[in-house]
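Each chain, written out:
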Amino acid sequence: MTVKAQHGGSHKYKNTYWFAHHQLIKSDQQLVPELPRLTTESIKMIGGLE
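All figures in this text were calculated on a predicted structure; none of them were measured in a lab.

Undergrad: Sorry if this is basic, but what is going on with the overall build of the protein here?
TA: When its secondary structure is counted, the protein shows 0 helices and 5 strands. Start at the N end of the protein and walk to the C end: the helices and strands fall as β-β-β-β-β. The buried share among the 50 residues of the protein stands at 14%. Taken as a whole, the protein presents about 4,800 Å² of accessible surface, with 57% of it coming from carbon and sulfur.

Here's what the structure looks like:
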């Protein structure tokens, strides 16, 4: 992905997404060049604790 900044520069990012059963379960994204990457994970519990 290439993102163009308002000042005319551009940055290339490789953002990765994982899907299971048509739902996003994990993502790894670079949103701003100077900041660390953002990683998110979604955990869905099936059933209950007993």
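So, next bit.
Undergrad: Sorry if this is basic, but what is going on with the environment of Ser27 here?
TA: Turning to its location among the elements, Ser27 is positioned in strand β4 (residues 23-29). Residue classification places Ser27 among the buried residues on the basis of a relative accessible area of 1%. Through-space distance from the C-alpha of Ser27 to that of Thr40 is 5.3 Å; in sequence the pair is 13 residues apart. Sequence-distant contacts of Ser27, defined by excluding residues within four places in its chain, comprise Thr16, Tyr17, Trp18, Leu38, Thr39 and Thr40. Here the side chain of Ser27 touches Thr40 through a polar contact of 2.5 Å, side chain to side chain.

Undergrad: What's the story with the pairing of β4 in this structure? I'm lost.
TA: For a regular strand, side chains alternate in direction, first toward one face of the sheet and then toward the other. By the bridge criterion, 5 bridges tie strand β3 (residues 16-20) to β4 in an arrangement that is antiparallel. In the sheet register, Phe19 faces β4, and the bridge partner there is Leu24. In sequence, β3 turns back onto β4 through a hairpin of 2 residues, with His21 there showing a positive phi of about 55°. Pairing analysis gives 4 bridges linking β4 to strand β5 (residues 38-41), with the strands arranged antiparallel. Counterpart to Asp28 in the pairing with β5 is Thr39.

Undergrad: I tried to follow the environment of Phe19 on my own but got confused; where do I start?
TA: Mapping Phe19 onto the fold places it in strand β3. The exposed category is assigned to Phe19, whose relative accessible area is 58%. Not counting residues within four places of it along the chain, the set of residues in contact with Phe19 comprises Leu24 and Ile25.

Reading the values: the criteria
Residues numbered from 1 in each chain as written. Predicted model: local features only at pLDDT ≥ 70, side-chain atom pairs only at ≥ 80, totals over all residues. Heavy atoms only, no water. Helix = DSSP H or I, 4+ residues; strand = E, 2+ residues; numbered from the N terminus. Buried < 20%, exposed > 50% of the residue type's maximum accessible area, 1.4 Å probe, protein only. Areas by Shrake-Rupley, 256 points an atom, 1.4 Å probe, with all protein chains shown as cover. Contact = heavy atoms within 4.5 Å. Polar contact = N/O pair within 3.5 Å; in protein donor to acceptor, adjacent residues only side chain to side chain. Pairing = 2+ DSSP bridges.

In short, shape yes, function no, at least from these values alone.
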